Amino acid sequence: FDPAQNSSELEIHFTEMNNAVQSEVSVGFTNSIKKIHSDYFPILLGNSILGGGGEARLFLNLREDKGYTYGSYSRLQTNKYTRARIRAFASVRNAVTDSSVVELVKELEKIRTKKVSQKELDKAKAKYVGNFVLALEKPQTIARYALSIKTENLPEDFYKTYLQKINAVTVDDVLTATKKHIKLDNARIFVTGKGSEVLENLEQVAPFGKKLKVSYYDQYGTATERPDY
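If you're wondering where the values come from, they're calculated on a predicted model, not measured in any experiment. (Residues numbered from 1 in each chain as written. Predicted model: local features only at pLDDT ≥ 70, side-chain atom pairs only at ≥ 80, totals over all residues. Heavy atoms only, no water.)

1. Details of the pairing of strand 6 (residues 213-217)
In this structure, strand 1 (residues 11-16) lies alongside strand 6, joined through 5 bridges in parallel fashion. The partner of F14 across the bridge, within strand 6, is Y216. Relative to strand 7 (residues 223-224), strand 6 runs antiparallel, the two being bridged by 2 bridges. Opposite Y217, over in strand 7, you have A223 as the bridge partner. Linking two consecutive strands that pair antiparallel, namely strand 6 and strand 7, is a turn of 5 residues; a positive phi of about 85 degrees is found at G221 within it. (Pairing = 2+ DSSP bridges. Helix = DSSP H or I, 4+ residues; strand = E, 2+ residues; numbered from the N terminus.)

2. Points about the sheet that holds strand 1
The 7 strands lie next to each other as 3-4-2-5-1-6-7, forming an open sheet whose pairing is mixed. Of all the strands in the sheet, the pair left with one neighbour each is strand 3 (69-77) and strand 7. Sheet strands in contact with helix 3 (residues 97-113) are strand 2 (22-31), strand 3, strand 4 (84-93) and strand 5 (188-193), and its direction is about 25 degrees off that of strand 2. (Contact = heavy atoms within 4.5 Å. Axes fitted to C-alpha atoms, helices over the stretch in contact; angles between N-to-C directions.)

3. Comments concerning the environment of Q118
Secondary-structure assignment places Q118 in helix 4 (residues 118-135). The class of Q118 is partly exposed, set by a relative accessible area of 44%. For the pair formed by Q118 and V171, sequence separation is 53 residues and the distance between their alpha carbons is 6.5 Å. (Buried < 20%, exposed > 50% of the residue type's maximum accessible area, 1.4 Å probe, protein only.)

Pasting the structure below:
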């Protein structure tokens, strides 16, 4: 397959699921990040601050502050065969589908335009250090690291110096990386839900002052006309 291409603009892709009691919302895009990339560790920590767990921005915003969802997260998924993928996502109540899209976009825009705090960065580093040390107790972790070194063309000392590289990341490094690799202007917003309850408001979403283009798909990814309610 050809490498996945990002959209030419930020847009919404809606899939009808007429028995859905909540909406699945995901903002996703690809980028060129590999583990050997100089921005890998800064973007790793930036993603952790954005949506790495219950202490991250997405969770604190969409769950703790707004009460839209049980949890909201983001994932950085590198791939040795093709481009990496970043996505921010949540399962939300039908009534707040459009508002959730706005908040996900707002947090992605914020992480790529404003510096994270030193406190946020220190907390993300501590979490990675703890998880890394605990994971080393498992034989399968060692095997996976060895396999990654061989199959992803990593330096032999990639994991030996992992914590050193994590701890070397600065607030400025994170902003440089997120500004370059958070491709929000070319992202797709995927929404699967009950259109009769969510679509009218979703079509009015304008996070940057202009309504977003909305395209419609069936559950197999085939383009369709707008559902008629």
